[in-house]
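Summary of the model geometry
Here is what each chain is made of, one letter per residue.
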Amino acid sequence: MTDRDERARLWLDDVLGRVDSIEVVRERAWGAIWKVRAAGDLFWLKLPHATFTAEIGLVRRLSALSPQHLLVPVAMHDEEGWILTRDAVRTLAPLSREPGGERLYVDAARSLAAVQRAVHEDESTHTFVVSHLPTYDANAYVANMADVVKFCGALPGQHPLHLSAGQGGATLEEAAVLASAWAALADPLGMGLDHNDFHLGNAYPGPLLSDWGDSVAAHPFSSLRPLVIVGRKMFGQSLADEVRTAYLEAWGVPTRADELELAMRMASPQRMHAWRRVADEATLAEWSGYIRPLVDCIALPIDEQDVP
């Protein structure tokens, strides 16, 4: 048992009283998940990597601002970043594979938009987002991609994420094309809350949204990327289109389809941010099939991309 594990067990005893059992469900570079049984109830404890502890402040604010759309924690440990939630039975991911389950993609898009719109319209929470979270301004997209290219270029030549000088240059040329298209947009929404890892495995019946640890301050529309890509792969183009429409309508901006498309395509730097925080070459190599396309595919429309 590690020192962290012992501290976590003592904290659970303090929060829940007598803990009957603890099962380590998952232990990865970016954190652990424990299944906890206490007094006949089932709970889940998230123990994140030390660089993910900013989630606490964000979740506390979102839980107060939009509790009807959040899986509100039972308890949180500010210093450690631990988050304890009551069991919500199943995420929407397995439910979406049941008959009629494709509707959950649309429902989740609406709930996501509702939370983001609430943040955008609440001055205090919006200020917290843009001042406390990592920042990925779409107006700095080329510079952000240049930082990604530099990071990948510094990896060993045999590493699956390594970019040669030629590959890096081509990537930045493609990034400049997207940046020009963005600059031509009329009055985009601006900075807001990007969940940055929103998929149906991070949502529960309601829908209630969770797992905000990868969140950044960026264009909020970037968050829809996984729902659109995975929804299309699972259920076809018509569902992906419906997800887009429902999301924009819930935002109250139904005509901003071009802005949504570009924001999703330009999400690569912040999607890379979550992986780069781990900064372990072996972990990056293990998950490179999910990471490398974030660089290689930026020239493709979202409906031609397969990795969220």
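Quick caveat: nothing in here was measured; it's all calculated off a predicted structure.

Quick look at unusual backbone geometry
Pro207 follows Gly206 through a cis peptide bond whose omega is -10°. At Ala39, a residue that is not glycine, the phi angle is positive and equals roughly 50°. Structurally, Ala39 can be placed in the loop between β2 (31-38) and β3 (41-48). Here Ala39 falls in the exposed class, since its relative accessible area comes to 65%. In this model, Asp211 sits at a positive phi of 55°, which is unusual for a non-glycine residue. For Asp211, the location among the structural elements is in the loop between β9 (208-209) and β10 (216-218).

Examining the side chain of Ser210
Of note, Ser210 is situated in the loop between β9 and β10. For Ser210, the contacting residues outside a window of four places in its chain are Leu71, His195, Asn202, Ala203 and Tyr204.

Comments concerning the environment of Asp211
Taking relative accessible area as the criterion, Asp211 reaches 28% and is therefore assigned partly exposed. C-alpha of Asp211 to C-alpha of Ile83: the two residues are 128 residues apart in sequence and 9.5 Å apart in space. Once residues within four sequence positions are removed from consideration, Asp211 is found in contact with Lys46, Glu55, His195 and Asn202.

As for the pattern of salt bridges
Under the defined criterion, the tally for this structure stands at 24 salt bridges. The closest approach of N and O atoms between Arg4 and Glu27, which form a salt bridge, is 3.3 Å. You can see Arg4 sitting in helix α1 (residues 3-16) and its partner Glu27 sitting in strand β1 (residues 21-28), a full 23 residues away along the chain. Looking at Arg4, the relative accessible area reads 22%, which means it is partly exposed.

Quick word on the sheet that holds strand β6 (residues 135-136)
Taking strand neighbours across the sheet as the criterion, the three strands line up as β6-β10-β7 in an open arrangement whose pairing is mixed. Taken across any chain shown, the strands that pair with only one partner, and hence form the sheet edges, are β6 and β7 (192-194). Direction of pairing for β7 relative to β10: antiparallel, over a ladder of three bridges. Its bridge partner being in β10, Asp194 is matched across the sheet by Val216.

Considerations on helix α11 (residues 268-278)
Along α11, 10 of the 11 residues are buried, which leaves the element largely enclosed by surrounding structure. Restricting attention to buried positions, one finds in α11 the residues Ser268, Pro269, Gln270, Arg271, Met272, His273, Ala274, Trp275, Arg277 and Val278. Ala279 sits one or two positions beyond α11 and adopts a positive phi of about 55°.

Thoughts on α1
Relative to the 20 Å expected for 14 residues at 1.5 Å per residue, α1 spans 20 Å between its end C-alpha atoms, a close match to the ideal helical length. Regarding α1, the residues found buried are Asp5, Ala8, Trp11, Leu12 and Leu16. The arc enclosing the buried residues of α1, seen along the axis, measures out at 125°, which places them on a common side. Exposed and facing more than 90 degrees away from the buried side of α1 are Asp3, Leu10 and Asp14.

Quick notes on the packing of aromatic side chains
Under the definition given, this model contains eight aromatic pairs. When the ring of Trp30 is compared with that of Trp275, the centres are 5.7 Å apart and the planes differ by 85°; the resulting orientation is edge-to-face. A residue pair is termed long-range when its members are at least 10 positions apart, and Trp30 in the loop between β1 and β2 and Trp275 in helix α11 qualify at 245 residues. The class for Trp30 is partly exposed, based on a relative accessible area of 24%. A relative accessible area of 17% places Trp275 in the buried class. A cation sits over an aromatic face here: Arg9 above Trp34, 5.5 Å from the ring centre.

A closer look at the state of the cysteines
Taken as a whole and assessed by the stated rule, the structure comprises zero disulfides. With no disulfide partner, Cys152 has as its closest neighbouring cysteine sulfur the one in Cys297, 13 Å distant. We classify Cys152 as buried; its relative accessible area is 2%. Residue Cys297 is classed as partly exposed on the basis of its relative accessible area, which comes to 21%.

The rules behind these values
Residues numbered from 1 in each chain as written. Predicted model: local features only at pLDDT ≥ 70, side-chain atom pairs only at ≥ 80, totals over all residues. Heavy atoms only, no water. Helix = DSSP H or I, 4+ residues; strand = E, 2+ residues; numbered from the N terminus. Buried < 20%, exposed > 50% of the residue type's maximum accessible area, 1.4 Å probe, protein only. Contact = heavy atoms within 4.5 Å. Salt bridge = Lys/Arg side-chain N within 4 Å of Asp/Glu carboxyl O. Pairing = 2+ DSSP bridges. Expected span 1.5 Å × (residues − 1). Arc of directions from axis to C-beta. Phe/Tyr/Trp six-rings, centres within 6.5 Å; stacked < 30°, edge-to-face > 60°. Lys NZ or Arg CZ within 6 Å of the ring centre and 35° of its normal. Disulfide = S-S within 2.5 Å.

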